[in-house]
Amino acid sequence: MTTNNRIPATLIPGDGIGTEITEATCAVLEALEAPFDWDMQVAGMAGVHAAGDPLPAATLDSIRRTRLALKGPLETPVGGGYRSSNVRLREEFKLYANLRPAQTVIPGGRFENIDLVLVRENNEGLYMGYEHFIPIDGDPHAVAIATGVNTRQGSRRIIEFAFEYAIAKGRKKVTVVHKANIMKALTGIFLETARDIYAQKYKDRIVMDEVIIDACAMKLVMNPWQFDVLVTTNLFGDILSDEIAGLIGGLGMAPGANIGEHAAIFEAVHGSAPDIAGRGIANPTALMLAAAMMLDHVRRPDLGDRMRKAIFDTLNVDKIRTGDLGGTASTKEYAAALVARVKNG
Ligand code: NAD
């Protein structure tokens, strides 16, 4: 629902570096006069501190109303503690597609001209959290068991999403990444479904190939240009997206979108970066590129393109960069340079 062409949207700054990169991103969105009416909410550790809940009811209600969110990283305790709020958000709003484009923005890095899109299944696989320990002889953690779940319907939905996306964007090839040689049922169903759908609907429209996850990881660093769009199951997609971020200058440069039928949540691929939180040095580019994807999503690609151009010019013409990219700018200095670029062209 829009009022005066304004678009209600939920803003979750998140944990760790979340506040710093969200402030920087919002400053640039404001300079662009982006049409979002923000409803600020908390989740993750900030949710625990503010409302005693890593995913407060008010945050869920807000997204139910806006169906659109920009989200900073949310901390998840390792080992024990609460279940990931990211995973719960993806389940709650059936955000089945995790779209992670990776493009070279700064030339002269280890890999030139990277232009890859990873499509990750977001609701199934080993992320379901069906895990337990079996105690033996007084050791409560003697045996650990995890069950992954992939369904025909879930595989079909994400594979069709990948093909439709690839065709709409004029891409040449979709690579299905799997481990069906070992996990013959869990990832076999994914590969089998991809082959069926391709034969039925896409074989005359685009190329499909297949690669086993371990070989894919190696090929990505040997010759990433052989890939175009990759589609894979949840955990493999999680791991490969960080690897792919490494091809374009690191996690500070990698945006993502979680897309479902009734909602979309935009975020950086990276986490809350506790090692640099509060120091004012985080690179906000990934969240800004996610905001540009959000502008495309609400049919304002004009503003998305201006955001991307400002980022390109600030990094490459003005050469203002944060430390992770070899520069010396603080998060605030970089954001100020971007705002100036947006205002002055
Ligand atoms: P991380 O992505 O937070 O950090 C990995 C490394 O990359 C760190 O050295 C960090 O300093 C660096 N880094 C990440 N983003 C950066 C940026 N914007 N600018 C400069 N450097 C950056 O991964 P982690 O340390 O494994 O995870 C920390 C927390 O984040 C965990 O609680 C994890 O569960 C959570 N996490 C959340 C999300 C999400 O909200 N979508 C994604 C991944 C991890």
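Conventions adopted
- Residues numbered from 1 in each chain as written.
- Predicted model: local features only at pLDDT ≥ 70, side-chain atom pairs only at ≥ 80, totals over all residues.
- Heavy atoms only, no water.
- Salt bridge = Lys/Arg side-chain N within 4 Å of Asp/Glu carboxyl O.
- Helix = DSSP H or I, 4+ residues; strand = E, 2+ residues; numbered from the N terminus.
- Buried < 20%, exposed > 50% of the residue type's maximum accessible area, 1.4 Å probe, protein only.
- Contact = heavy atoms within 4.5 Å.
- Polar contact = N/O pair within 3.5 Å; in protein donor to acceptor, adjacent residues only side chain to side chain.
- Domains from an automatic or database assignment.
- Buried area = accessible area lost by both parts, 1.4 Å probe.
- Nonpolar A, V, L, I, M, F, W, Y, C, P; charged D, E, K, R; others polar.
- Pairing = 2+ DSSP bridges.
- Axes fitted to C-alpha atoms, helices over the stretch in contact; angles between N-to-C directions.
- Phe/Tyr/Trp six-rings, centres within 6.5 Å; stacked < 30°, edge-to-face > 60°.
- Lys NZ or Arg CZ within 6 Å of the ring centre and 35° of its normal.

1. Looking at the pattern of salt bridges
Part 1: If you walk through the whole model with that rule in mind, you get 22 salt bridges.
Part 2: As a salt-bridge pair, Glu-92 and Arg-64 come within 3.0 Å of each other at their nearest N and O atoms. With Glu-92 in helix H4 (residues 85-92) and Arg-64 in helix H3 (residues 57-66), the pair connects residues that are 28 residues apart, well separated along the chain.
Part 3: When the shortest N-O distance is used, the salt bridge between Arg-195 and Glu-210 registers 2.7 Å. Linking Arg-195 in helix H6 (residues 188-202) with Glu-210 in strand S9 (residues 207-212), this pair joins segments that are 15 residues apart in sequence.
Part 4: Here the salt bridges do not stand alone but share partners, grouping Lys-309, Asp-313, Asp-318 and Arg-341 into one network.

2. Thoughts on the environment of Asp-37
Part 1: Inspection of the secondary structure assignment puts Asp-37 in strand S2 (residues 36-40).
Part 2: Judged by its relative accessible area of 36%, Asp-37 falls in the partly exposed class.
Part 3: Separated by 27 residues in sequence, Asp-37 and Thr-10 place their C-alpha atoms 8.2 Å apart.
Part 4: If sequence neighbours within four positions are ignored, Asp-37 has contacts with Arg-6, Ile-7, Pro-8 and Ala-9.

3. Some points on the environment of Lys-309
Part 1: Of note, Lys-309 is situated in helix H10 (residues 301-316).
Part 2: As for Lys-309 and Ile-158, which are separated by 151 residues in sequence, their C-alpha atoms are 30 Å apart.
Part 3: There is a polar contact of 2.6 Å between the side chain of Lys-309 and the side chain of Asp-313.

4. Quick notes on the domain arrangement of the protein chain
Part 1: Domains assigned within the protein chain are domain 1 (1-93 + 262-345) and domain 2 (96-254).
Part 2: Computed from C-alpha atoms alone, the centre-to-centre distance between domain 1 and domain 2 is 24 Å.
Part 3: Each side of the interface is counted separately: domain 1 has 20 residues, and domain 2 has 20 residues.
Part 4: Taken together, both faces of the contact between domain 1 and domain 2 bury some 1,600 Å²; the carbon and sulfur share is 60%.
Part 5: For domain 1, the biggest contributors to the area lost against domain 2 are Arg-90, Val-269 and Met-293; these three give 38% of the whole.
Part 6: Our count for the domain 1 to domain 2 interface comes out at zero salt bridges.
Part 7: For the pair domain 1 and domain 2, the interface holds seven residue pairs in polar contact (both at pLDDT 80 or more).
Part 8: Elements supplying a minimum of two residues to the side of domain 1 that touches domain 2: H4, strand S12 (264-268), helix H9 (285-297) and H10.
Part 9: Residue composition of the side of domain 1 that touches domain 2, by class: ten nonpolar, four polar and six charged.

5. A short note on the sheet that holds strand S10 (residues 229-232)
Part 1: A sheet is described by the order of its strands in space; here ten strands give the open sequence S2-S1-S3-S12-S11-S4-S5-S10-S8-S9, paired in mixed fashion. Only two strands of the sheet have a single partner each, and these edge strands are S2 and S9. When the angles between neighbouring strand axes are averaged without regard to direction, this sheet yields 25°.
Part 2: One ladder, built from five bridges, connects strand S1 (residues 7-12) with S2; its direction is parallel. Paired with Pro-8 across the two strands is Asp-37, which belongs to S2.

6. Details of the pairing of strand S11 (residues 255-259)
Part 1: Extensive coverage of S11 is indicated by the burial of five of its five residues.
Part 2: Neither face of S11 is left uncovered, since the one carrying Pro-255, Ala-257 and Ile-259 and the one carrying Gly-256 and Asn-258 both have all their residues buried.
Part 3: Of the strand pairs in this sheet, strand S4 (residues 97-103) and S11 are connected by three bridges, and their pairing is antiparallel. Residue pairing in the sheet places Leu-99 in a bridge with Ala-257 of S11.

7. So, the side chain of Lys-173
Part 1: Inspection of the secondary structure puts Lys-173 in strand S8 (residues 173-178).
Part 2: At 3.3 Å, the side chain of Lys-173 forms a polar contact with the side chain of Asp-209.
Part 3: Leaving out residues up to four positions away in the same chain, Lys-173 has contacts with Ile-206, Val-207, Asp-209, Gln-226, Asp-228 and Val-229.

8. Here's the deal with the packing of aromatic side chains
Part 1: Enumeration according to the criterion identifies six aromatic pairs in this entry.
Part 2: Each ring, one from Phe-161 and one from Tyr-165, has its centre 6.5 Å from the other, and the planes form 10°; the classification is stacked. Placement of both Phe-161 and Tyr-165 in helix H5 (residues 152-168) is noted, with a separation of four residues, approximately one turn of the helix.
Part 3: Judged by relative accessible area, Phe-161 falls into the buried class, the value being 16%.
Part 4: Here the aromatic cluster, defined as three or more aromatic residues joined through ring pairs, consists of Tyr-96, Phe-161 and Tyr-165.
Part 5: Sitting over the ring of Tyr-127, Arg-120 keeps its end group 5.0 Å from the ring centre.

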